[in-house]
Amino acid sequence: MSLDLESISEATSGAIGALVSTTILYPLDTCKAKYQAEVRAHGQQKYRNLSDVLWEAISTRQVLSLYQGLGTKNLQSFIAQFVYFYGYSYFKRLYLERSGSKSIGTKANLLIAAAAGACTAITTQPLDTASSRMQTSAFGKSKGLWLTLTEGNWSEAFDGLGISLLLTSNPAIQYTVFDQLKQRLLKRKQNKTEKGSSPEALSAFSAFVLGAVSKSIATVLTYPAIRCKVMIQAADSSDDGTKKPRQKPRKTLSGVIYAIWKKEGVLGFFKGLHAQILKTVLSSALLLMIKEKITASTWVLILAVR
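Quick notes on the rules
Note on numbering: residues in each chain are counted from 1, in written sequence order. It should be noted that, the model being predicted, local features are given only for residues of pLDDT at least 70 and side-chain atom pairs only at 80 or more, the latter also being counted only at that level, while totals for whole chains, interfaces and linings use all residues. Side-chain metrics in this entry use all non-hydrogen atoms of the structure; hydrogen atoms and water are not considered. Exposure is judged per residue with a 1.4 Å probe applied to protein chains only, and the accessible area is read against the type maximum: over 50% gives exposed, under 20% gives buried, and values in between give partly exposed. We count a stretch as a helix when DSSP gives it H or I for four or more residues in a row; a strand needs E for two or more, and each element gets its number in order from the N terminus. Comment: arc refers to directions from the helix axis out to C-beta atoms. pLDDT is defined as a per-residue confidence score from the predictor, taking values between 0 and 100. Working rule for contacts: check all heavy atoms of both residues, and any pair within 4.5 Å makes them a contact. Only the stretch in contact is used when fitting a helix axis, every axis being a line fitted to C-alpha atoms; angles between N-to-C directions are given from 0 to 180 degrees. Should an angle lie under 35 degrees it is considered roughly parallel, over 145 roughly antiparallel, and from 65 to 115 roughly perpendicular; all remaining angles are considered oblique. Two helices cross in a left-handed way if the nearer one is turned anticlockwise from the farther one by less than a right angle. They cross in a right-handed way if the turn is clockwise. Each residue is assigned to one of three groups, with Ala, Val, Leu, Ile, Met, Phe, Trp, Tyr, Cys and Pro labelled nonpolar, Asp, Glu, Lys and Arg labelled charged, and all others, Gly among them, labelled polar. Here, patches come from residues exposed beyond 30% relative accessible area and free of salt bridges, joined within 9 Å for like charges and within 5 Å for nonpolar side chains (Val, Leu, Ile, Met, Phe, Trp, Tyr). Using a 1.4 Å probe, the Shrake-Rupley method yields the accessible areas, and only the shown protein chains count as cover for residues. The term salt bridge refers to a pairing of a side-chain nitrogen on Lys or Arg with a carboxyl oxygen on Asp or Glu at a separation within 4 Å. In this tally Asp and Glu are treated as negative and Lys and Arg as positive; neither His nor the chain ends contributes. A charge is said to be at NZ when it belongs to Lys, at CZ for Arg, at CG for Asp and at CD for Glu. Each pair of aromatic rings taken from Phe, Tyr and Trp, with Trp reduced to its six-membered ring, is defined by centres within 6.5 Å and is described as stacked if the planes are under 30 degrees apart, edge-to-face if over 60, and tilted in the remaining cases.

What about helix H3 (residues 50-59)?
Those residues of H3 not exposed but buried are Leu50, Val53, Glu56 and Ala57. Projected down its long axis, H3 carries its buried residues within an arc of 120 degrees, all on one side. One or two positions beyond H3, positive phi appears at arginine 61, with a value near 55 degrees.

Considering the confidence of the model for the protein
Do not read the predicted coordinates in detail wherever pLDDT is low. In the predicted model, the protein carries a mean pLDDT of 80, and the fraction of residues at 70 or more is 85%. This model gives residues 302-306 a pLDDT under 50, and the stretch forms five contacts once residues within four places in sequence are excluded.

Quick notes on the packing of helix H4 (residues 70-99) against helix H8 (residues 169-192)
Interhelical geometry of H4 versus H8 gives an angle of 55 degrees and a closest axis separation of 13 Å. In terms of orientation, H4 and H8 fall into the oblique class. As for how H4 packs across H8, the hand of that crossing is right-handed. The residues of H8 that touch H4, namely those facing Gln81, Tyr84, Phe85, Tyr88 and Lys92, are Pro171, Ala172, Tyr175, Asp179 and Gln183. Classifying every residue of the contact of H4 with H8 gives six nonpolar, two polar and two charged.

Comments concerning a positive patch on the surface
Taken together, the side chains of Arg184, Lys187, Arg188 and Lys192 make up a positively charged region of the molecular surface. Inspection of the secondary structure puts lysine 192 in helix H8.

Section: the packing of aromatic side chains
The tally for this structure, following the rule as stated, stands at six aromatic pairs. Their ring planes at 85 degrees and their centres at 5.9 Å tell us that tyrosine 84 and phenylalanine 85 sit as a pair that is edge-to-face. Under the relative-accessibility criterion, tyrosine 84 is labelled buried at 4%. With 6.4 Å between their ring centres and 25 degrees between their planes, tyrosine 223 and phenylalanine 270 make a pair best called stacked. Separated by 47 residues along the polypeptide, tyrosine 223 in helix H9 (residues 204-233) and phenylalanine 270 in the loop between helix H10 (253-264) and helix H11 (273-304) bring together distant segments of the chain. With a relative accessible area of 0%, tyrosine 223 lands in the buried category. Since its relative accessible area comes to 37%, phenylalanine 270 is described here as partly exposed.

Focus on the pattern of salt bridges
Per the counting criterion, the structure on display carries nine salt bridges. A salt bridge links lysine 271 to glutamate 38; the nearest nitrogen and oxygen atoms lie 3.8 Å apart. Of this pair, lysine 271 sits in the loop between H10 and H11 while glutamate 38 is found in the loop between helix H2 (26-37) and H3, placing the two residues 233 residues apart along the sequence. Grouping residues by exposure puts lysine 271 and glutamate 38 together as buried. For glutamate 264, the salt bridge goes to arginine 227, with nearest N and O atoms at 2.6 Å. One end of the pair, glutamate 264, is in helix H10; the other, arginine 227, is in helix H9, with 37 residues separating them in the sequence. According to the relative accessible area criterion, glutamate 264 is buried, its value standing at 13%. A single network of salt bridges, built from pairs that share partners, joins Asp29, Lys32, Lys73 and Lys279.

Okay, structure coming up:
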């Protein structure tokens, strides 16, 4: 029973951390999504820099539109992180129990993280697709969650699922690197203190730094797939929200790859990488920092109401 309670504690603290970090960084996330979704056509592009998106919102007096889709994104982030942290914690403890090992190796950690990520992607894909469409809609033209999901057929709500499953390698890499660095740092701290004493928790600063490093590595390795996913899920640029949506050809991975290659070249697959790193590193670092600080409190509360 304690296994489940500990997993719930990990999941709850991770979900709360995701909620806070998503809300704080949402305007940056919106700018990033709109910048990534644009493909240069005939040598011209609307957004030459990430700041151009912000300036458009300011100049058109649509600053609040930087928060369009925030409710959906928060719901998606909360559910995704809860499912991920619960699955990761549960599978990890189950592996240790079945194998009889005292620690988990890198390969096993990657497989466990990937399995937890796959469960998360399947569970939250419709919300992920909806939040991407809402973010990339023209400022002031974003529709509600239900209207966004019911624009086309329900299968379209799962656009990008294949890439999402592929991108389970991102959190798998991130949390594996974070876990390994965390264990080494805590072991070093424990060696400096009295032997047999309980391991210390990471400080907020240490958790922030480890979170930033681990997410940077994961983001650079998986970025081409990240941009393709944004483009597949993005709202159609010709849909201004005032007309009845017409039937549009379904976006495919091969079509998106061809469009980027033809119009932007190899470097196009890395367009917006700096924005992605800035947003995801800050978001993940904040998430892990908050999670580390509230996990103990969450565990105490769960035990208290048991």
